[in-house]
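# A structural walkthrough
Below are the chains, spelled out letter by letter.
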Amino acid sequence: MSEPSPTRRDVLATSAAAGAASLLPEGSAGAADGNAIRPFRIDVPEAKLADLRRRIAATQWPEKETVEDTSQGVQLKTMQSLARYWATEHDWHKVEAKLNALPQFITEIDGLDIHFIHVRSKHENALPMIVTHGWPGSVIEQLKIIDPLTNPTAHGASASDAFHLVIPSLPGYGFSGKPTAPGWHPVRIARAWTTLMQRLGYTQYVAQGGDWGNAVSELMALQEPPGLLGIHTNMAATVPANISKALAFNEAPPADLTAEERNAWNQLDFFYKKGLGYALEMANRPQTLYALVDSPVGLAAWMLDHDARSQEMIARVFDGRTEGLTRDDVLDNVTLYWLTNTAISSARLYWDTAQVSSGGFFDVRGVKIPVAVSAFADEIYAAPRSWAERAYPKLIHYNKLDKGTHFAAWEQPQLFSEEVRAGFRPLRK
């Protein structure tokens, strides 16, 4: 077995708890060492947290932006409010305890350690589902949906809607291993996820994801592994070829767009012109981002500036207003990136993908198995029903939500859980 890297060894310890094996399906421990599933526990030394607080306090701040809006980026007042709270009030140990209360494991797939949460429902005939996060997310994004989906009767839903959940950390993210060579792109990750579900003993299952999680789920669908019944996405790839081309060449929108399609056009046009800077840098020069692994505030600002709507929501959170996310939610996730030193290793996913794909992230891929779509209003773009119907010939569910940003499971866990239940009902036997 490969040993954890020095960085991971500093912040984790594998657990030898005797009862951990009972949390796995029968026979899933693996007959050979290469298939072994090892229980996992997080244990961050206090010295690392003290160093984090010291670095936050030593931040060298720029001057205030010269405009009164966010057109130049994350505003100084937001970042200084975040830094004050991070250094004096945020408690990493609370989220560490939440994670350690869940069954967590490490298994080696294709030469790389993969970390995952695995929660089995008590309900008979629960549907296994693998849920994949994106950037700048992590498994922390899914913590609020675990109980509603595995224990639906406690949340006003039916036992027939129960799921067994597998929630992995992407390669180079969180507590998964960091690739030491190029090639860990979504196609390879999709194959790894299939291996993971097979290793856990699941012969029939579904997949869910947004952001990179959608790319991985759709590529799993294209690979059509035995047992994959369908996928659910909250960030669908539905943009028709003529729309993608027109956006790429800065052409006028087609005259025959419906109101819903024109709204999607406007959202995409804004994103491609003003919101794509982080992705371009990570796709082209991820290794250059040294500042993100040296400055906690620099890392936090980079992660907050993912998309306009979620950044505006997070700014309101640090201005003292109540939103779907809390200050602790935001900083739990940023702190995970900091403690695992994954700013650059996670960014390389963009570079690896750019080496094998020339298409747009939202271009239609040709998925032929059943697909359920939830279009949240403040996602980068809310996929219109008409585009979804053309993109997915076996569309089994579509719903447009009037609230929710890019981080739907994290920000609107009740709505998200309801959508996943409804989306996969047609596939249950």
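What counts as what
Residues numbered from 1 in each chain as written. Predicted model: local features only at pLDDT ≥ 70, side-chain atom pairs only at ≥ 80, totals over all residues. Heavy atoms only, no water. Helix = DSSP H or I, 4+ residues; strand = E, 2+ residues; numbered from the N terminus. Contact = heavy atoms within 4.5 Å. Areas by Shrake-Rupley, 256 points an atom, 1.4 Å probe, with all protein chains shown as cover. Salt bridge = Lys/Arg side-chain N within 4 Å of Asp/Glu carboxyl O. Buried < 20%, exposed > 50% of the residue type's maximum accessible area, 1.4 Å probe, protein only. pLDDT = per-residue confidence, 0-100. Pairing = 2+ DSSP bridges. Axes fitted to C-alpha atoms, helices over the stretch in contact; angles between N-to-C directions. Polar contact = N/O pair within 3.5 Å; in protein donor to acceptor, adjacent residues only side chain to side chain. Phe/Tyr/Trp six-rings, centres within 6.5 Å; stacked < 30°, edge-to-face > 60°.

### Concerning the overall build of the protein chain
The helix and strand inventory of the protein chain stands at 18 helices and 11 strands. Principal axes of the C-alpha set define a box for the protein chain whose edges measure 60 × 55 × 45 Å. Sequence separation of 24 or more characterises 78% of the internal contacts of the protein chain that already satisfy a separation of 6 or more. Carbon and sulfur atoms provide 50% of the accessible area of the protein chain, an area that totals close to 18000 Å².

### With respect to the pattern of salt bridges
The final tally for this structure, using the stated rule, is 18 salt bridges. With a closest N to O distance of 2.7 Å, Arg54 and Asp51 form a salt bridge. Placement of the pair is Arg54 and Asp51 together in helix H2 (residues 46-57), with a separation of three residues, close to one helical turn. When its relative accessible area of 27% is taken as the criterion, Asp51 is described as partly exposed.

### A few points about the confidence of the model for the protein chain
Residues at a pLDDT of 70 or more form 92% of the protein chain, whose mean pLDDT is 92. Within the model, the stretch residues 1-32 combines pLDDT values under 50 with 64 contacts to residues more than four positions away or in other chains.

### With respect to the environment of Ile231
Structurally, Ile231 is set in strand S9 (residues 228-233). Separated by 101 residues in sequence, Ile231 and Ile130 have C-alpha atoms that sit 9.5 Å apart. Contacts of Ile231, omitting those with residues within four sequence positions, involve Ala207, Ser217, Glu218, Ala221, Ile369, Pro370, Val371, Ala372 and Phe424.

### Topic: the sheet that holds strand S10 (residues 371-378)
The strand order across the open sheet formed by nine strands is S2-S4-S5-S7-S6-S8-S9-S10-S11, and the pairing between neighbours is mixed. Each edge of the open sheet is held by one strand with a lone partner, namely strand S2 (37-39) and strand S11 (395-405). On average, each strand axis in the sheet is tilted by 25 degrees relative to the strand beside it, whichever way the strands run. As judged from the three bridges shared by S9 and S10, these two strands associate in the parallel manner. Bridging from a neighbouring strand, Ile231 pairs with Val371 of S10.

### Quick notes on the side chain of Ser346
Tracing the sequence through the fold places Ser346 in helix H15 (residues 343-356). Leave out the neighbours within four places in its chain, and Ser346 touches Trp135, Gly172, Tyr173 and Tyr337.

### Here we look at the environment of Leu222
Looking at the secondary structure, you find Leu222 in helix H7 (residues 212-223). The spacing of Leu222 and Val367 is 145 residues in sequence and 5.7 Å in space, taken between C-alpha atoms. Not counting residues up to four positions away in its chain, the partners in contact with Leu222 are Arg365, Gly366 and Val367.

### With respect to the side chain of Thr107
Along the chain, Thr107 turns up in strand S4 (residues 104-109). A distance of 2.8 Å separates a polar atom in the side chain of Thr107 from a polar atom in the side chain of Arg199. Each residue touching Thr107, except ones within four places of it in the same chain, is listed here: Asn35, Ala36, Ile37, Arg38, Leu112, Asp113, Ile114, Phe116, Leu196 and Arg199.

### Let's talk about the packing of aromatic side chains
What the rule picks out here adds up to 15 aromatic pairs. Ring geometry for Tyr173 and Tyr337: centres 6.2 Å apart, planes at 75 degrees, overall edge-to-face. Residue Tyr173 is located in the loop between strand S7 (163-168) and helix H6 (186-199), and its partner Tyr337 is located in helix H14 (residues 327-340); the two are separated by 164 residues in the primary sequence. Relative accessible area serves as the criterion here: at 1%, Tyr173 is assigned to the buried category. Ring centres 5.0 Å apart and planes at 65 degrees place the aromatic pair Phe362 and Tyr381 in the edge-to-face group. Of the two residues, Phe362 sits in the loop between H15 and S10 while Tyr381 sits in the loop between S10 and helix H16 (385-391), which places them 19 residues apart along the sequence. Using a relative accessible area of 2% as the deciding quantity, one classes Phe362 as buried. Judged by its relative accessible area of 2%, Tyr381 is buried.

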